[in-house]
Number of protein chains: 2
Amino acid sequence: MEFSEAFPVWSDLTGEQQKQLSQAAVLRSFPQGATLHRGDADCTGLLLVRSGRLRAYILSPEGREITLYRLSPPDFCLLSAPCVLHNLHLEVQIESERDTQLWMIPPENYRTLMAQSPCVANYTNEVMASRFSQVIWLLEQILWQKLDRRLADFLLEEADLEGSSHLKITHEAIGRHLGTAREAVTRMLRYFQEEGLVNLSRGAIELADPGRLAQLS
Amino acid sequence: MEFSEAFPVWSDLTGEQQKQLSQAAVLRSFPQGATLHRGDADCTGLLLVRSGRLRAYILSPEGREITLYRLSPPDFCLLSAPCVLHNLHLEVQIESERDTQLWMIPPENYRTLMAQSPCVANYTNEVMASRFSQVIWLLEQILWQKLDRRLADFLLEEADLEGSSHLKITHEAIGRHLGTAREAVTRMLRYFQEEGLVNLSRGAIELADPGRLAQLS
């Protein structure tokens, strides 16, 4: 995939804007597990995912985590460039969940483009609206949903992202995604196994009955 | 306050845009406790608060509430016009917490303006970034903070909004703001009273020691 194919409002830019943007954007690679961005202090730049997967999460003072959302190609990451928006004050961390290739757009170039082009500004709005909706959904889950539903949701999303019903993931990692203790995840997974929804083995979970999991979620 | 003074990027609009916008915006009044907007299905319009106060909150299927944030003059409300942004899918409710006067801007007019003017589009981005940051902050509070801190935060914010340390608010109303049962609020307020932080009377709370409440928060 070329940058011009991945960047969403490419055809709405002028020739000059296209030239400046493609010169400014840098293709970079990160191995699985790299931390790309650490909260408000950083202004890493805008990230356009070419391959792999990113995870955005928040971190408690004690080091507990909860996943806000994941970004797959060709998703666009704004929160790694908080300096682009004056009112964006949040301590979101971004890490690569897989070996990841992405284009990094310097904040100053993107800011210039947003000021010139209503299309870029409105595209940015749409990305923000989408992430905002995801976070409100997460908040609702945490407030009103029980762990069984959240875990069923997570397993189905994970199977969808991986394209497989055989998930190589530890209970601890699931706990980090859901902001829940490992013990609570293990307890619920064992209950799912007794109900015939999953089969557990060391470091892996097999979705035995995705249909019934979906009913639960 | 006139509309042209309240609308944030007024001076960046063309004469024609100013004319169209001021003709489209309607000044409306709502009594305290009115529901102005009910979630995704509605597209009420953009709201620019002239006086009074709005509250944005989410609602569980069982009718539990939690306050996302409040809007005071001259705050601008986007979430009451989800149709303006394709990717905004959320069931946020808006109510007037005080007798409120506001300008309502029809969604189609605002959408046209966003498409024409980078200033309006970028202003919209800033509003969204600000609300997004507030909701992430709330999520962090719910996940990592204990009720004593959240209650102290709420009481101080309320005193600031009201300009008084004598708050006329019920424990049940505080519970709705914080997404917590009334009983838990009452228990914590009694503990605060024993510690000399507040004085409780029927339907009212007096902040006896705002300094120590601030240390807690």
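Structural notes, computed from the coordinates.

Here is what the cut-offs are and how they apply
Residues numbered from 1 in each chain as written. Chains lettered and ligands numbered in written order. Predicted model: local features only at pLDDT ≥ 70, side-chain atom pairs only at ≥ 80, totals over all residues. Heavy atoms only, no water. Helix = DSSP H or I, 4+ residues; strand = E, 2+ residues; numbered from the N terminus. Buried < 20%, exposed > 50% of the residue type's maximum accessible area, 1.4 Å probe, protein only. Contact = heavy atoms within 4.5 Å. Polar contact = N/O pair within 3.5 Å; in protein donor to acceptor, adjacent residues only side chain to side chain. Pairing = 2+ DSSP bridges. Least-squares fit on C-alpha atoms with pLDDT ≥ 70 in both. Core = buried A, V, L, I, M, F, W, Y, C linked by side-chain atoms within 4.5 Å.

**Regarding the environment of His-177 of chain A**
Residue and element names in this part refer to chain A. By the secondary structure assignment, His-177 is in helix 6 (residues 171-178). Accessibility expressed as a relative area gives 7% for His-177, which makes it buried. In this structure His-177 touches Arg-55, Ile-66, Thr-67, Arg-70, Glu-97, Phe-154 and Ile-169, once residues within four positions along its chain are discounted. A polar contact of 3.3 Å, which involves the side chain of His-177, links it to the side chain of Glu-97.

**Side note on the sheet that holds strand 1 (residues 26-30) of chain B**
Residues and elements named next belong to chain B. As summarised here, the arrangement of the 4 strands in space is 1-8-3-6, forming an open sheet in which the pairing is antiparallel. Edge positions in the sheet fall to strand 1 and strand 6 (76-77), since each has one partner strand and no second. Pairing analysis gives 2 bridges linking strand 3 (residues 46-51) to strand 6, with the strands arranged antiparallel. Of the residues in strand 6, the one forming a bridge with Leu-47 is Cys-77.

**A few points about the relation of the copies chain B and chain A**
Of the two same-sequence chains, chain B is brought onto chain A (RMSD 0.0 Å, axial shift 0.0 Å) by a rotation of 180°. Overall, the copies show the geometry of a two-fold rotation axis. Closest to the rotation axis within chain B is the C-alpha of Pro-118 of chain B, separated from it by 2.2 Å.

**Description of the nonpolar core**
The biggest cluster of nonpolar side chains holds 106 residues, and the ones touching the most others in it are Phe-7 of chain A together with Phe-7 of chain B. Setting aside anything within four residues of it in sequence, one finds Phe-7 of chain A in contact with Leu-13, Leu-21, Leu-48, Phe-76, Ile-105 and Tyr-110 of chain A.

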